[in-house]
Structure formats: structure tokens, C-alpha cells
Amino acid sequence: MSNSEVRVRFAPSPTGALHIGGAHTALFNWLWARHTGGKFILRIEDTDLVRSTKEYEQTIMDGMTWFGLDWDEGPDKGGDFGPYRQSERLDIYRKYAEKLLDEGKAYKDGEAIIFKVEPGLDISFDDMVYGRINVMSDGLKEQNSDKLKDIVIIKSDGMPTYNYAVVIDDALMHMTHVIRGEDHISNTPKQILIYRALGFAEPQFAHLPMILGKDKKKLSKRHGATSVYEYRDMGYMPDSVFNFLALLGWSAEDHEIFTRPEAAELFELKRVTRKPAVFDPDKLNYINQEHLKRLEPMTRLNMIKPFWEAMGLPVKEHDDKWLADALTLMAGRGQTAKEMAEFADYFVSFEPVKARWDGKDISDERRGSLKEFFNAVLAVPEWTHESLEACARTWVEEHGVKMKDYAMPLRFALTGMKVSPGIFEVAVHLGRDEVRKRLEFYNLI
Ligand code: GLU
């Protein structure tokens, strides 16, 4: 470890899934580590033995892995400053608590160990995001009282408290920066007291803005999905969730759509704003759509396939390249993989088309002229977009009718939808036989 190397950590308590707030904190730490060429450490804060589970620990790691946050040291990876689970560090917390007791900086109250808060200490700090935060130890009072509130460091059950364990760990794991949610600003002065009492070097603190829903209230379940996996299961791409979360409280100058390496290069802790960030699902949709558009066709197909399969469509009956090209034809339609799968279902099977449109709204009179048109179109010598289009144009001109009155029923017969990519392109991709089959079904040829 070189002296200048940045070391940051994400320190979740495994008492629930990886929610948006946690993912956001993890992401900013990761960005700072990767931007500076430093280390990103995962530490599990599992001192709440009742609520912490190994399953939650695993889902948090899975969530981080899903959207591309890799860590350099952690409970599964090891590292020079482990163990990386607080429950495995109890003897370390005990040792430093004894030291504080010996030095008269802490006292016992039954089994508990309490850190003594001395009056008159300046525990102000410079937050990299919020600026100077002025606090005197005299401000740390008991509720509704003038008495200074000492800090419990070891509870009577032998477990360390958060404010104590976090300092021991951040110091012994050589954290250079502590980047976490702004809800921890009020904990920081207490932690600073403990750093000083133990003679540890203080890291730099950077608190991240709060995340609000569109109604400007603190983000909660009411605002929709709050865990990372819900977004995964809805068909959002990890790159988009990453991109979206990175823009909560930070902007990359004029870049709005970026990859992970691009974000890591552009990221600057000093550009993080303290203004609460608004979680706007429409923005996530837009970002996801942009990432879907930029995907390699085969990668895109692999994203869409599971959704088609879940819809019961016969994906295996088709050639992968052909399916991938169909999705390229979609040209960015659909904001999520699920939506794109739904919008493009007619390529995979005729069944959903039939389910959407029964063709009964076509009058007999109209059917006669549609049949003439479709027969002409089906007979083009070359089954290409250009010849289909040219044939259709000539036909409508000769008959003095409007293209849209003929293109629309064709769109319904092939897709069962009001909107689709250019219908002649769809027809070319489906192939002459399939188009004939669909038109026949509707008695349109
Ligand atoms: N376990 C704490 C939390 O999840 C960590 C806070 C910190 O980063 O210091 O809120």
C-alpha cells in the first residue's frame, strides 16, 4: 500500500436487500477508487446479530456485482486488513476499548463501556461535499438536558456500537476517504472524538446528498421499486442503472450517457452536489433506452431472449442472427428489455398478433381492394424493402388511394400493433412466406 493510495469502502449492514441509497453510496465509493487508481473495500457491518443474515450479505454482493461494482478487499476476497466482517473483529474492538479504559478516556457501566465526551473540544471538520461543518463537543448533549452525552462504545452484550466500530475499522483498514450518505453527518463529530482519543489519523469525509422521490419526499417504497434487483427483474440494464445512479448528485459535464470506465475517468468528488438528488424513473427509462440502442445486436438479443421465453414465445425456432437483426430493426423502440421484447413479439410468433387483432373490423368492400393490393405486393420479383415500397407506391398511385389506408391493415396483419418499424422493412424481415401466411389467415389475399 503506497502512502498516497486512495482507500475507500462500502460498509453495508446485511439487514436487508441492496436498496437504491446503498447502491448509490457503493457506486460513488467505487467511482472514486477507480478514478484515482485506489482500492475499494467491502466491509460487512453485521454487529446487529438479530437482523443480520448471510443471505442478505450475499444479495448485497450479488446486487453490487450485477451493476458492475467490483471490490478489491472484502469478506469473500480477503485482503491485508481483514477480517472484513465486524462480527469477526470483536477482539479488536475490545482491545481498543480496554486501551481507552486504561487511559481514563472511557469508563464502565455494568458490562457496557462508555466513551467520555470532554467539554470544549472543537470537532469541526471539512466535508468534501458539504464544506466546513462546525461542531463543538459541548453540543453533544443528552436529550432535553445540559449534560454532555457520553458515547456507548461497547454495549452490555459485548457488541460494539456503530460509531465506535466504524472508527476502529476505518482507521485500521487505512481508509483515506469516508464517503457515505448525508444522514451520517451528525455521526461524524462523534467519530472524530474517537479517532483523536486513539491517536488515529482522520480520513477525509465526503457525504452524499439525500435521494428524494419526484414529490421531493425521501425516497421510499411509495415511490416504486427501491431495491436494485427489482430494476434487474424489470429488464433494466446494469449499465443504465449504473449510469442513472451516477447522475444522482453528480454530473459529468456534458456527458449524460456513459459507460462505467468513462464515468470512472470523469468522476470528481468535488463535483458532487449537496442539493438533494431526485430519483426520476422517466430519466432511468430514457437512459436505459439509450443504452439498449448502443448494444451490440447479439448482446441485445441475449438481454431480450429471457423475456420472450418468459412470454412463452418459441425463440428456439429462429436463428439467433435473424432475431438479433429483428431487434436492430426496432431502432431503439422500448425503454426496457421487457418492453422491447413485448414490442417485438410478432417476429418470434404469429400467435400474439392473432390475440391482439382478429381482423373483423374490415368491411367486405374494403377487403376486396386490400386483396388486390396485397396480391400485387406479394408478387414483387425481388423481396426487398425498395421493391416492396416501389410496388406499393405505384399501386396506390394507379388506384388513386392513400398509402396509409393500405399500410395500416398490413401493419395490423403482420404485427397486431398500431406502431412498428417501417412495415415494409418488417415484411422483408419476416419473409415472403410468413407474410403470405399472415395475410391468408386474415383472408386478405
Ligand atoms: N453500516 C453503516 C450503514 O449502513 C455504514 C455507515 C458508514 O458508511 O459509515 O449505514
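Residues numbered from 1 in each chain as written. Predicted model: local features only at pLDDT ≥ 70, side-chain atom pairs only at ≥ 80, totals over all residues. Heavy atoms only, no water.

Asker: Please explain the overall build of the protein as it appears in this structure.
Answerer: In terms of regular secondary structure, the protein is built from 19 helices and eleven strands. In terms of C-alpha radius of gyration, the protein reaches 30 Å, well past the compact-globule figure of 22 Å for 445 residues. In terms of overall dimensions, the protein has a C-alpha envelope of 100 × 45 × 35 Å along the principal axes. Burial status across the protein gives 52% buried among its 445 residues. Restricting to contacts in the protein with at least 6 residues of sequence separation, those with at least 24 account for 71%. Summing over all exposed atoms, the protein offers an accessible surface of approximately 20,600 Å²; the carbon and sulfur share of this is 50%. Computed over 60 positive and 71 negative side-chain charges, the inter-centroid distance for the protein is 3 Å. (Helix = DSSP H or I, 4+ residues; strand = E, 2+ residues; numbered from the N terminus. Rg over C-alpha atoms; globule rule 2.2 N^0.38 Å. Buried < 20%, exposed > 50% of the residue type's maximum accessible area, 1.4 Å probe, protein only. Contact = heavy atoms within 4.5 Å. Areas by Shrake-Rupley, 256 points an atom, 1.4 Å probe, with all protein chains shown as cover. Lys, Arg positive; Asp, Glu negative; His and termini not counted. Charge placed at Lys NZ, Arg CZ, Asp CG, Glu CD.)

Asker: Explain the layout of surface pockets to me, please; I cannot follow it from the model alone.
Answerer: Which parts of space are left empty comes out when a probe the size of a water molecule is rolled across the atoms. Taken as a whole, the largest pocket spans an internal volume of roughly 1,000 Å³. Around the largest pocket sit 38 residues that line it, and His 19, Gly 21, Gly 22, Asp 183 and His 184 are the ones nearest its centre. Looking at the lining of the largest pocket, the elements that each hand over two or more residues are β1 (7–10), α1 (20–36), α4 (162–172) and β8 (177–181). Broken down by element, the lining of the largest pocket gets its largest block of residues, five residues, from α1. Among the residues forming the lining of the largest pocket, the class breakdown is 15 nonpolar, 15 polar and eight charged. (1 Å grid on protein atoms, 1.4 Å probe; cavity = no way out; pocket = protein on both sides within 12 Å on 5 of 7 lines; lining within 4 Å. Points joined across faces, edges and corners; volume = space filled by probe spheres on them. Nonpolar A, V, L, I, M, F, W, Y, C, P; charged D, E, K, R; others polar.)

Asker: How do you make sense of the packing of aromatic side chains when you look at a structure like this?
Answerer: The relation between two aromatic rings is expressed through the spacing of the ring centres and the mutual angle of the planes. Counted under the stated rule, the structure contains 23 aromatic pairs. Look at Tyr 346 and Phe 347: their rings are 4.7 Å apart centre to centre, the planes differ by 40 degrees, and that puts the pair in the tilted class. Taking the centre distance of 4.5 Å and the plane angle of 50 degrees together, the rings of Trp 357 and Tyr 442 count as tilted. Here the residue Trp 357 occupies a position in the loop between α14 (351–356) and α15 (364–378), and Tyr 442 occupies one in the segment after α19 (432–441), the gap between them amounting to 85 residues. Residue classification places Trp 357 among the buried positions, given a relative accessible area of 8%. An aromatic cluster of three or more residues is present, and its members are Phe 28, Trp 32, Trp 250, Phe 258 and Phe 267. Lying over the aromatic face of Phe 242, Arg 260 brings its terminal NZ or CZ to 5.6 Å of the ring centre. In this structure, Arg 366 packs its charged tip against the face of Tyr 406, placed 5.6 Å from the ring centre. (Phe/Tyr/Trp six-rings, centres within 6.5 Å; stacked < 30°, edge-to-face > 60°. Lys NZ or Arg CZ within 6 Å of the ring centre and 35° of its normal.)

Asker: Sorry, what's going on with the sheet that holds strand β7 (residues 151–154) here?
Answerer: The strands making up a sheet are joined through hydrogen bonds of the backbone, oriented either antiparallel or parallel. If you walk across this open sheet you meet the three strands as β3-β4-β7, and the pairing is antiparallel. The open sheet is flanked by β3 (106–109) and β7, the only strands paired with a single partner. Averaged over all pairs of adjacent strands, the angle between strand axes in this sheet comes to 40 degrees, irrespective of strand direction. Here strand β4 (residues 112–115) runs beside β7; their pairing, made up of three bridges, is antiparallel. Across the sheet, the residue bridging to Ile 113 is Ile 154, located in β7. Along the sheet, helix α3 (residues 90–102) contacts β3, β4 and β7; its crossing angle with β7, the most-contacted strand, is approximately 130 degrees. (Pairing = 2+ DSSP bridges. Axes fitted to C-alpha atoms, helices over the stretch in contact; angles between N-to-C directions.)

Asker: What's the story with the site of the ligand in this structure? I'm lost.
Answerer: Taken together, Arg 9, Ala 11, Ser 13, Glu 45, Tyr 162, Val 166, Arg 180 and His 184 make up all the residues around the ligand. Tyr 162 is positioned such that a nitrogen or oxygen atom in its side chain is 2.6 Å from an oxygen atom of the ligand. Against a free-state accessible area of 300 Å², the protein chains account for coverage of 78% of the ligand. A molecule is said to occupy a pocket when more than half its atoms come within 2 Å of that pocket's grid points, and by this definition the ligand occupies the largest pocket. Per-class residue counts for the shell around the ligand are three nonpolar, two polar and three charged. (Near = heavy atom within 4 Å. Polar contact = N/O pair within 3.5 Å; in protein donor to acceptor, adjacent residues only side chain to side chain. Sits in = over half its atoms within 2 Å of the grid points.)

Asker: I'm lost on the packing of α4 against helix α5 (residues 188–198) in this one. Help?
Answerer: When two helices pack together, their arrangement is given by the angle between the helix axes and the distance between those axes. Between α4 and α5, whose axes approach to 9 Å, the crossing angle comes to 50 degrees. One finds that α4 runs oblique with respect to α5. Crossing handedness for the pair α4 and α5: right-handed. Together, Tyr 162, Asn 163, Tyr 164, Val 166, Val 167, Ile 168, Asp 170 and Ala 171 of α4 and Lys 190, Gln 191, Ile 194, Tyr 195 and Leu 198 of α5 make up the contact between the two elements. (Parallel < 35°, antiparallel > 145°, perpendicular 65-115°, else oblique. Left-handed = near helix turned anticlockwise from the far one by under 90°.)

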